[in-house]
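Observations on chain architecture
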Amino acid sequence: AVEVELDVLTGAIELRRADITYDCGDQLNASVDIGQIEGGFVMGLGYFLTEKANATLSKNMSEYEPFGSMDIPTEINISLLENSNNDNSSNAAINEKGQGAVLRSKATGEPPLICASAAHFATREAIRSARKDMGNEEEYDLEVPATIEARHLACLVDRNQFSLQNDLKSSSQHK
């Protein structure tokens, strides 16, 4: 689960919290597994929220802007599923010698990337809520990646919705 805070005026989001429960099988080293899960999750955040894989957005690496320390969730809670062995009888990926995974462990590198889809869904839900507050309950698509521009446009913010302009006009007419 991921908790996001959305600025509807700019499309910027703050990832407040992420809770991940992951099945590592029999853990070889919990600290390494947690580090791999965090890394895969942050890699997925880039995929789901910022990086367009089908287009060249920058001419060289000096223009590439990866996720930074301020872009990841303020709080990340990772728990490893306990008593989840990966024995040969339930392992579909058995090698030619009849052996399963290394010491009954499971992969922790790239698979956690998909956990970051929760950030995309949370962002989509925040936009849906903002649209509902404006009286628009129509369904919409939020592309992957949900870039800051895509988020801003999906919020349907129109400058005419703000009352500051109207308040200034009415106060100048009363003088």
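Remember, it's a predicted structure, so these values are computed and weren't measured experimentally.

Tallying secondary structure elements over the protein gives 4 helices and 3 strands in all. The secondary structure elements of the protein, listed N-terminal to C-terminal, are β-β-α-β-α-α-α. Long-range contacts, defined here as pairs at least 24 residues apart, represent 68% of the contacts in the protein between residues at least 6 apart. By element, 49% of the accessible surface of the protein is carried by carbon and sulfur atoms, the whole surface being about 11,800 Å².

This part is about helix 2 (residues 117-133). Between its first and last C-alpha atoms helix 2 spans 25 Å; for 17 residues at 1.5 Å apiece the expected length is 24 Å, and the two agree. Structurally, helix 2 contributes buried residues whose contacts are with strand 1 (2-6), strand 2 (13-22), helix 1 (30-49) and helix 3 (148-154). Just beyond helix 2, the residue with positive phi is Gly-135, at close to 85°.

Their axes nearest at 8 Å, the elements helix 1 and helix 2 cross at an angle of 45°. Classified by the interaxial angle, the pair formed by helix 1 and helix 2 is oblique. In this structure, helix 1 contributes Leu-45, Phe-48 and Leu-49 to the contact, and helix 2 contributes Ser-117, Ala-119, His-120 and Thr-123. The residue inventory of the contact of helix 1 with helix 2, partitioned by class, reads 4 nonpolar, 3 polar and no charged.

This brings us to the environment of Asp-71. Counting through the fold element by element, Asp-71 comes out in the loop between helix 1 and strand 3 (75-80). According to the relative accessible area criterion, Asp-71 is partly exposed, its value standing at 36%. For the pair Asp-71 and Ile-13, spaced 58 residues apart in sequence, the C-alpha separation works out to 8.7 Å.

As a further point, take the side chain of Thr-123. Its place among the elements puts Thr-123 in helix 2. You can call Thr-123 buried: its relative accessible area is 0%.

Turning our attention to the environment of Pro-145. Mapping Pro-145 onto the fold places it in the loop between helix 2 and helix 3. By relative accessible area, Pro-145 is classed as buried at 6%. With 25 residues separating them along the chain, Pro-145 and His-120 place their C-alpha atoms 8.2 Å apart. Ignoring sequence-local partners within four residues, the contact set of Pro-145 consists of Tyr-47, Phe-48, Leu-49, Thr-50, Glu-51 and Lys-52.

Analysis parameters
Residues numbered from 1 in each chain as written. Predicted model: local features only at pLDDT ≥ 70, side-chain atom pairs only at ≥ 80, totals over all residues. Heavy atoms only, no water. Helix = DSSP H or I, 4+ residues; strand = E, 2+ residues; numbered from the N terminus. Contact = heavy atoms within 4.5 Å. Areas by Shrake-Rupley, 256 points an atom, 1.4 Å probe, with all protein chains shown as cover. Expected span 1.5 Å × (residues − 1). Axes fitted to C-alpha atoms, helices over the stretch in contact; angles between N-to-C directions. Parallel < 35°, antiparallel > 145°, perpendicular 65-115°, else oblique. Nonpolar A, V, L, I, M, F, W, Y, C, P; charged D, E, K, R; others polar. Buried < 20%, exposed > 50% of the residue type's maximum accessible area, 1.4 Å probe, protein only.

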